[in-house]
Amino acid sequence: MISKTGIQWTGGTYNPWYGCKKISEGCKFCYMYRDRYNDGVDPSIVLKSKPETFYKPLSNETQTLIFTCSWSDFFNSEADQWRPEVWEIIKNTPHVYQILTKRPERILECLPSDWGDGYENVWIGVSVENQNRVNRIDVLKDIPSKTKFVSFEPLLEEINLSESHLETIDWAIIGGESGELEGDYGFRECKLDWIEILVDDLKSYDIPVFVKQLGTHIAIENNLQDVKKGGKMNEFPPHLQIREFPNGLRYSDDKIYF
């Protein structure tokens, strides 16, 4: 089976390799770094997974929505030697693979030779945590892909999108930063206004939106039950209780339906 996850916008996770180097502001409190350090492993070193993990999608016959490389970056240069085999696994399995990256400048050179306009079962996305990283959407615009998405998480400031950005996006995820109340892996401020502005802009272009969580700062500020993440949708303001998918997928009762 694909690894289960608490990430609401996917059905499971697949990590053919682990480890990553921090490259932008959103990486500061990376959960992978926290968990790998707790396991006594250097999180900055990229390591290939054991065979039972690397080939896991081949043994899972039921179609699943899969967040690929949740503990790394699919386009890490250190994983170049293993990626071609993963493309073969992706191409020969029924799942839908969500590939989210902070390295969009590497996408084109890392695509398989038969990519064409994109595999039907692959969504390519970029992380945009602040206005300074909106240029990742500009790069995404020129990538051939059937479905393009953006994760605005952790949302670290108000973000203003241009018409060109909005015309590129097929799906958007929004979330405030979550983190520990004490220790080295904390959290930064997120404001409801920042989320609302993004939702309004995205919905004006009829883009499906998935509000994942409000984040720890808003959760504490509003005395929410889910103080760790602010991730219970029934605690969101009514106009932010939005969890939509592209391509006909539906979200209901905390489950994803094809």
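Please refer to the structure higher up on the page.
A quick note: this is a predicted structure, and the numbers were derived from the prediction, not measured.

Draft legend 1. How the structure looks around the sheet that holds strand β6 (residues 122–127). Judged by pairing direction, the sheet is parallel, and its seven strands sit side by side in the order β1-β4-β5-β6-β7-β8-β9 without closing on themselves. Looking along the sheet, the strands with just one partner apiece sit at the ends: β1 (12–14) and β9 (209–213). Each adjacent strand pair in this sheet contributes to an overall mean axis angle of 25°, direction not counted. As judged from the four bridges shared by strand β8 (residues 171–175) and β9, these two strands associate in the parallel manner. Bridge pairing links Ile-173 to Phe-210 in β9.

Draft legend 2. Quick peek at the packing of aromatic side chains. Counted under the stated rule, the structure contains 18 aromatic pairs. Centre to centre, the rings of Tyr-18 and Trp-71 are 5.8 Å apart; their planes meet at 85°, and the pair counts as edge-to-face. Here the residue Tyr-18 occupies a position in strand β2 (residues 17–18), and Trp-71 occupies one in the loop between β4 (65–68) and α3 (83–91), the gap between them amounting to 53 residues. Among the aromatic side chains, those forming a connected cluster through ring pairs are Trp-9, Phe-67, Trp-123, Phe-149, Trp-171, Phe-210, Phe-245 and Tyr-251. The ring of Tyr-33 is capped by Lys-22, whose NZ or CZ atom sits 4.5 Å from the centre of that ring. A cation over a ring is seen here: Lys-48 above Phe-54, with NZ or CZ 4.5 Å from the ring centre.

Calculation criteria
- Residues numbered from 1 in each chain as written.
- Predicted model: local features only at pLDDT ≥ 70, side-chain atom pairs only at ≥ 80, totals over all residues.
- Heavy atoms only, no water.
- Pairing = 2+ DSSP bridges.
- Helix = DSSP H or I, 4+ residues; strand = E, 2+ residues; numbered from the N terminus.
- Axes fitted to C-alpha atoms, helices over the stretch in contact; angles between N-to-C directions.
- Phe/Tyr/Trp six-rings, centres within 6.5 Å; stacked < 30°, edge-to-face > 60°.
- Lys NZ or Arg CZ within 6 Å of the ring centre and 35° of its normal.

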